[in-house]
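Read off the chains here:
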Amino acid sequence: YTMYVNGDLFVNYLDVSGVNYFPAKNSTIDLVLNVDQNTDTYTFNEGGVNFGNLKFDVKGNVVYSDKKHTLDLTVKGADLKLQSFLNEVPSVYKKYFDNYSGKGEFYFTASIKGSFIRNDLPVVNISFGISKGQIVKKESDIALEDVSFTGEFTNGNAKTVNSCVLKIN
């Protein structure tokens, strides 16, 4: 069957590997979800989720059964502003960004694919970038203007800290 999910949410927290994302955040959801109860597959065909000022489009599927937990999802940041993204950085990482403000367009696409049963983690590949950016160091008013770059992150085939790679072009 197809389920149309639309509404307002309050997210207390989203915990990913012990890191708290989007704490205490008013959010909205607007998704079209196809549910196949025979295969325990949930397919996101269109729509997304907003956490505050950040909008994420979600496509792909999740299989969640007694024997199998797999993801094959693409999450895309839609119409993101750099400062809105910096405002939502989890508190564990905020110390790296507190002395900076930013303007410009921020974009990313994340692919999350594989098993997530027990201690197994899926492979994560993220491409991201900034265009027409400005980054200001608050205490000194030193600014970088017209900042543009692209980058990639992966947790690698081993899906461990040691196999992670971050590239910035």
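Here is what the cut-offs are and how they apply
Residues numbered from 1 in each chain as written. Predicted model: local features only at pLDDT ≥ 70, side-chain atom pairs only at ≥ 80, totals over all residues. Heavy atoms only, no water. Helix = DSSP H or I, 4+ residues; strand = E, 2+ residues; numbered from the N terminus. Buried < 20%, exposed > 50% of the residue type's maximum accessible area, 1.4 Å probe, protein only. Contact = heavy atoms within 4.5 Å. Areas by Shrake-Rupley, 256 points an atom, 1.4 Å probe, with all protein chains shown as cover. Lys, Arg positive; Asp, Glu negative; His and termini not counted. Charge placed at Lys NZ, Arg CZ, Asp CG, Glu CD. pLDDT = per-residue confidence, 0-100. Salt bridge = Lys/Arg side-chain N within 4 Å of Asp/Glu carboxyl O.

**Q** Could you clarify how one ought to interpret the overall build of the protein chain in this entry?
**A** Along its length, the protein chain carries two helices and twelve strands. Starting at the N terminus and walking to the C terminus, you meet the elements of the protein chain as β-β-β-β-β-β-β-β-α-α-β-β-β-β. Along the longest, intermediate and shortest principal axes, the C-alpha atoms of the protein chain span 60 × 40 × 25 Å. Going through the 169 residues of the protein chain one by one, you find that 36% of them count as buried. Contacts in the protein chain between residues far apart in sequence, at least 24 positions, make up 42% of those at least 6 positions apart. Summed over its atoms, the accessible surface of the protein chain is roughly 11,000 Å², and 52% of this surface lies on carbon and sulfur atoms. Between the averaged position of the 17 positive side-chain charges in the protein chain and that of its 19 negative side-chain charges there is a distance of 4 Å.

**Q** Before we go on, may I ask you to explain the confidence of the model for the protein chain in this structure?
**A** A low pLDDT means the predicted coordinates there should not be read in detail. Mean pLDDT over the protein chain: 91, with 100% of residues reaching 70 or higher. Of all helices and strands in the protein chain, the one with the weakest mean pLDDT is strand 2 (residues 14-16) (78), whereas strand 6 (residues 54-64) scores best (95).

**Q** Looking at this structure, how should I read the pattern of salt bridges?
**A** Side chains that carry opposite charge are capable of pairing whenever their charged atoms lie near each other. This structure, assessed with the given rule, holds four salt bridges. In this structure, Lys-113 engages Asp-72 in a salt bridge whose closest nitrogen and oxygen atoms are separated by 3.9 Å. Of the two residues, Lys-113 is situated in strand 9 (residues 100-115) and Asp-72 in strand 7 (residues 69-78); the sequence distance between them amounts to 41 residues. Residue Lys-113 is classed as partly exposed on the basis of its relative accessible area, which comes to 47%. Asp-72 sits in the partly exposed class, given a relative accessible area of 32%.

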